[in-house]
Protein chains: 2
Amino acid sequence: MSGPVYDRVALIGLGLIAGSMAHAMREKGLAREVVGHARSAETRAVAREIGLVDRVTECAAEAVEGADLIVLAVPVGAMEEVAREIAPRLKGGATVTDVGSVKKAVIDGVAPHLPEGVHFVPAHPLAGTEHSGPRSGFASLFRNRWCILVPNGADRAAVDRLADLWRGMGANVDEMDADHHDLVLAVTSHTPHLIAYTMVGVADDLRRVTDSEVIKYSAAGFRDFTRIAASDPTMWRDVFLTNKDATLEILGRFTEELFALQRAIRTGDGDHLHAYFTRTRAIRRGIIEAGQDTEAPDFGRAGVTR
Amino acid sequence: MSGPVYDRVALIGLGLIAGSMAHAMREKGLAREVVGHARSAETRAVAREIGLVDRVTECAAEAVEGADLIVLAVPVGAMEEVAREIAPRLKGGATVTDVGSVKKAVIDGVAPHLPEGVHFVPAHPLAGTEHSGPRSGFASLFRNRWCILVPNGADRAAVDRLADLWRGMGANVDEMDADHHDLVLAVTSHTPHLIAYTMVGVADDLRRVTDSEVIKYSAAGFRDFTRIAASDPTMWRDVFLTNKDATLEILGRFTEELFALQRAIRTGDGDHLHAYFTRTRAIRRGIIEAGQDTEAPDFGRAGVTR
Ligand SMILES: NC(=O)c1ccc[n+]([C@@H]2O[C@H](COP(=O)([O-])OP(=O)(O)OC[C@H]3O[C@@H](n4cnc5c(N)ncnc54)[C@H](OP(=O)(O)O)[C@@H]3O)[C@@H](O)[C@H]2O)c1
Ligand SMILES: NC(=O)c1ccc[n+]([C@@H]2O[C@H](COP(=O)([O-])OP(=O)(O)OC[C@H]3O[C@@H](n4cnc5c(N)ncnc54)[C@H](OP(=O)(O)O)[C@@H]3O)[C@@H](O)[C@H]2O)c1
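Residues numbered from 1 in each chain as written. Chains lettered and ligands numbered in written order. Predicted model: local features only at pLDDT ≥ 70, side-chain atom pairs only at ≥ 80, totals over all residues. Heavy atoms only, no water.

A. Layout of the overall build of chain A. Counting its regular elements, chain A contains 13 helices and nine strands. Relative to its length of 306 residues, chain A is compact, with a C-alpha radius of gyration of 21 Å against a globular reference of 19 Å. Here the C-alpha coordinates of chain A stretch approximately 65 × 40 × 35 Å along the principal axes. Taking all 306 residues of chain A together, the buried fraction comes to 61%. Contacts in chain A between residues at least 24 apart in sequence constitute 73% of all its contacts with a sequence separation of at least 6. When the accessible surface of chain A is split by element, carbon and sulfur atoms take 47% of a total near 10,900 Å². (Helix = DSSP H or I, 4+ residues; strand = E, 2+ residues; numbered from the N terminus. Rg over C-alpha atoms; globule rule 2.2 N^0.38 Å. Buried < 20%, exposed > 50% of the residue type's maximum accessible area, 1.4 Å probe, protein only. Contact = heavy atoms within 4.5 Å. Areas by Shrake-Rupley, 256 points an atom, 1.4 Å probe, with all protein chains shown as cover.)

B. Structural context of the relation of the copies chain A and chain B. The transform that puts chain A on chain B rotates by 180° and translates by 0.0 Å along the axis, for an RMSD of 0.0 Å. When the rotation and shift are considered jointly, the pair of chain copies conforms to a two-fold rotation axis. The position closest to the rotation axis in chain A is occupied by the C-alpha of Asp224(A), lying 3.5 Å away. The overlap is high: 100% of the interface residues of chain A also sit at the interface in chain B, so the same surface is used on both sides. (Least-squares fit on C-alpha atoms with pLDDT ≥ 70 in both.)

C. Looking closely at the sheet that holds strand S6 (residues 119-120) of chain B. Residue and element names in this part refer to chain B. Strand order in the open sheet formed by six strands is S3-S2-S1-S4-S5-S6, with parallel pairing between adjacent strands. Both edges of this open sheet fall to strand S3 (55-56) and S6, since each of them pairs with a single strand only. Helix-sheet contacts for helix H1 (residues 16-28) involve strand S1 (6-12), strand S2 (31-37) and strand S4 (69-72), and the interaxial angle to S1 is about 160°. (Pairing = 2+ DSSP bridges. Axes fitted to C-alpha atoms, helices over the stretch in contact; angles between N-to-C directions.)

D. Here's a closer look at the pairing of strand S5 (residues 95-98) of chain A. All names here are of chain A. Both faces of S5 are covered, namely the face carrying Thr-95 and Thr-97 and the face carrying Val-96 and Asp-98. As judged from the four bridges shared by strand S4 (residues 69-72) and S5, these two strands associate in the parallel manner. Paired with Val-71 across the bridge in S5 is Thr-97. Handedness of the S4-helix H4 (residues 79-86)-S5 crossover: right-handed. Where S5 and strand S6 (residues 119-120) come together, two bridges link them in parallel fashion. Its bridge partner being in S6, Thr-95 is matched across the sheet by His-119. (Right-handed = clockwise from strand over helix to strand, strands pointing away.)

E. The arrangement of the site of ligand 2 in detail. All names here are of chain B. What surrounds ligand 2 is a group of 26 residues, the closest being Leu-14, Ser-40, Thr-43, Val-74 and Ser-101. The backbone of Leu-14 places a nitrogen or oxygen atom 2.8 Å from an oxygen atom of ligand 2. In the model, an oxygen atom of ligand 2 is placed 2.9 Å from a nitrogen or oxygen of the Arg-39 side chain. The protein chains hide 84% of the 900 Å² of surface that ligand 2 would expose on its own. At the level of secondary structure, the elements contributing two or more residues to the shell around ligand 2 comprise H1 and strand S7 (123-125). Residue composition of the shell around ligand 2, by class: 14 nonpolar, eleven polar and one charged. (Near = heavy atom within 4 Å. Polar contact = N/O pair within 3.5 Å; in protein donor to acceptor, adjacent residues only side chain to side chain. Nonpolar A, V, L, I, M, F, W, Y, C, P; charged D, E, K, R; others polar.)

F. Fine view of the packing of aromatic side chains. Taken as a whole and judged by the stated rule, the model has 13 aromatic pairs over all chains. With a centroid separation of 5.7 Å and 75° between ring planes, the pair formed by Trp146(A) and Tyr217(B) is classed as edge-to-face. Taken together, the residues Trp146(A) in strand S8 (residues 146-149) and Tyr217(B) in the loop between helix H8 (211-216) and helix H9 (222-228) connect one chain to another. Taking relative accessible area as the criterion, Trp146(A) reaches 17% and is therefore assigned buried. (Phe/Tyr/Trp six-rings, centres within 6.5 Å; stacked < 30°, edge-to-face > 60°.)

The following block contains the structure:
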């Protein structure tokens, strides 16, 4: 990398994603100065204590003043409110971006508030963990993961510069339109999360199988679900409320398939089950070949817990 | 450990579980001799090539001759057939056990074929990976995992001896009755697997989201599902066919909850979603405290692939 991509970057929200960006930008020298703001005094105090950014401001509008890049890193449902608050203080020629997991709703909420002469380049890094808050970020979060930009007609130079920042943080960059992004993510992330939450809720509800047994005997499968279902409730509430149509569509397809498998179990149709389970293996092979996961059994957790 | 627990152990089936037992027994000196058989010439050849066991036999009946412990490590649906085949050659006083993921169906299938004077102690190690076959086993698979014994009225000394073997291989041992085992596993493993298979099948079906996009952008959530859905089709077909009642019961509860969440999304009931997602976090904390998983974000995969 040859010097900073932006002079001053303002992070609004100081959780997992913003924190990881702060660590990564610092490690790679991608910004001359990183300013940050979070709504709660507690998060701001932690950010100061651990030196997460160069300067923590008391309000969002203050943070964006003079910034070349403004990153909205709050739950999707809070984006519009934040955009309204910072809009009057944005520098002409600055770029506003976000990291929200849904893109259409963010564009609809944010774009109308931004003044002429400010570029808006929505983005979504496909990287995360089940942890949240100002202490949860780490510099390598985005390494070898995808970041999807949704330029939506934005200025080409502004888009390319943001792409440089994401590449600098280790991500691979791709572009997509908002609707397609929301559908792809409904399949690869949003619906799987809802299903995991549901299954863990069912286990929690079952009185004959006590909680302690569910916990004690949680094997692969359920254990993975519990990790997914430990993600931040506010973030996920907002994802489902704002990516409603795509999620409901995929959920409809899911229930249809599930009912077919359920009927096969009830009628003892082993051939149907076997054929279905064989087909799904191919996707897994593709993911490993694409380098999105390791083939080590059980993710090499053998070395971690066993 | 003070010497072998069994003199001669016969493994019928030489896949992930039997192979891991062979490695673990050898590493800890738990058996004086381990004999093995698998139905296909190919598996037997691989087992010989890698020296998985001390001796590979051409038929199952031959393997069990003179054995003190016989381990049935084939898919649940094949257990009865194998029991019928080996029954005439079992040594008086020998113990027959299995490692099947379902217990009631295995007991119903196997017990009637075993002669008087042979002990039957069903078991289920709660450990596995998505890989299978004679090359997939490793000695540490059972370390710190649970093995559930379902004594079903068997001789106490025979049960205790089998428990010693499992402890010797690193497992924690517990006892349960068959029906309860099958219900607990329907919750913690079988239904989650069915759901993961379903979701991956839905993704595979969707024509607007091409396979390559699903693979390319598979993030946490879906990626975990694909791993689960890469498990052996025959094993899982048999699990669902033989644990039908418990699986259908839990599936019914699952769909009920899923419909409630789906309605909350449709009507925009964010409070319902938020409350549900908050409740499921507690189970995750329990699992980490119980040592069944690590708190490292994303299972510490950061260090593996990122
Ligand atoms: N986590 C993931 O896996 C992941 C992956 C990709 C994209 N994303 C997206 O990234 C964004 C941030 O997620 P995150 O994981 O970084 O979340 P996080 O760790 O929970 O941090 C969220 C931040 O937003 C602030 N915030 C919450 N509600 C707010 C409101 N109503 N108004 C103003 N600020 C508010 C919080 O402030 P306080 O700390 O003061 O409460 C906190 O600083 C979300 O849009 C999410 O969809 C997340
Ligand atoms: N994998 C897991 O996560 C896991 C965890 C706990 C318990 N279990 C249980 O352990 C048992 C074995 O599973 P595994 O993972 O070790 O499977 P695996 O790796 O696929 O091995 C299965 C073995 O059974 C043999 N086999 C398959 N169908 C047979 C049939 N119809 N008749 C006779 N032998 C047959 C195979 O022989 P060939 O190689 O010659 O085909 C192979 O040696 C199953 O009952 C399963 O429910 C599995």
